[in-house]
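Each chain, letter by letter, is given below.
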Amino acid sequence: FERFLYHMSGDDADTLRGWMETFEKTGELKASDELLAKSKAEMDSGRMSQQEILDTIKTNYEEHQYLLDPHSAIGVGVATKLADQLS
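Residues numbered from 1 in each chain as written. Predicted model: local features only at pLDDT ≥ 70, side-chain atom pairs only at ≥ 80, totals over all residues. Heavy atoms only, no water.

1. Quick notes on the overall build of the protein
And step 1. Helix and strand counts for the protein come out as five helices and zero strands.
And step 2. N-terminal to C-terminal, the α/β element order of the protein is α-α-α-α-α.
And step 3. Against the 2.2 N^0.38 benchmark of 12 Å for 87 residues, the protein shows a C-alpha radius of gyration of 17 Å, more extended than a compact globule.
And step 4. Seen through its principal axes, the protein has C-alpha atoms that stretch 50 × 30 × 20 Å.
And step 5. Excluding contacts between residues fewer than 6 apart, the proportion of contacts in the protein whose partners are at least 24 apart in sequence is 42%.
And step 6. Counting every atom, the protein has about 6,900 Å² of accessible surface; 52% of that belongs to carbon and sulfur.
And step 7. Distance between charge centroids for the protein: 4 Å, based on 9 positive and 17 negative side chains. (Helix = DSSP H or I, 4+ residues; strand = E, 2+ residues; numbered from the N terminus. Rg over C-alpha atoms; globule rule 2.2 N^0.38 Å. Contact = heavy atoms within 4.5 Å. Areas by Shrake-Rupley, 256 points an atom, 1.4 Å probe, with all protein chains shown as cover. Lys, Arg positive; Asp, Glu negative; His and termini not counted. Charge placed at Lys NZ, Arg CZ, Asp CG, Glu CD.)

Written as structure tokens, this is what we have:
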């Protein structure tokens, strides 16, 4: 995530250092509107219920004979949901 923020800052190490120092002191990273807009253009997010995670693990194993761990199942499941929404 820190590398992502570095790139979102325009590869400005001083800006990133300031953000990280503030985060270490306060536990917060306050994103400017510009940073938030740039970040949203590069990534998306989603969530899954426990049942959806288990279903994703099962489906992936049945279709690909590969057992996903729960964290990876969330990534695969959310990416699948987002792709379905775009099509």
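2. Examining the packing of aromatic side chains
And step 1. In total, this model carries one aromatic pair according to the counting rule given.
And step 2. Both rings, one in F1 and one in F4, keep their centres 6.4 Å apart while their planes meet at 25°; by these two values the pair is stacked. (Phe/Tyr/Trp six-rings, centres within 6.5 Å; stacked < 30°, edge-to-face > 60°.)

3. Things to note about the side chain of S39
And step 1. Within the element layout of this structure, S39 appears in helix α3 (residues 33-42).
And step 2. Taking the relative accessible area as the measure of exposure, S39 reaches 13% and is therefore buried.
And step 3. Those residues in contact with S39 that lie beyond four places of it in its chain are F4 and M8. (Buried < 20%, exposed > 50% of the residue type's maximum accessible area, 1.4 Å probe, protein only.)

4. Points about the environment of D12
And step 1. Its place among the elements puts D12 in the loop between α1 (2-8) and α2 (13-26).
And step 2. It is 15 Å that separates the C-alpha atoms of D12 and K38, two residues lying 26 residues apart in sequence.
And step 3. One polar contact links D12 to T15, side chain to side chain, over a distance of 3.0 Å. (Polar contact = N/O pair within 3.5 Å; in protein donor to acceptor, adjacent residues only side chain to side chain.)

5. Focus on a nonpolar patch on the surface
And step 1. A contiguous nonpolar patch, built from F1, F23, L29 and M43 and spanning about 410 Å² of accessible area, is present on the exposed surface.
And step 2. Examined against the element boundaries, F1 turns out to sit in the segment before α1. (Patch = residues over 30% accessible without salt bridge, like charges linked within 9 Å, V, L, I, M, F, W, Y side chains within 5 Å. Salt bridge = Lys/Arg side-chain N within 4 Å of Asp/Glu carboxyl O.)

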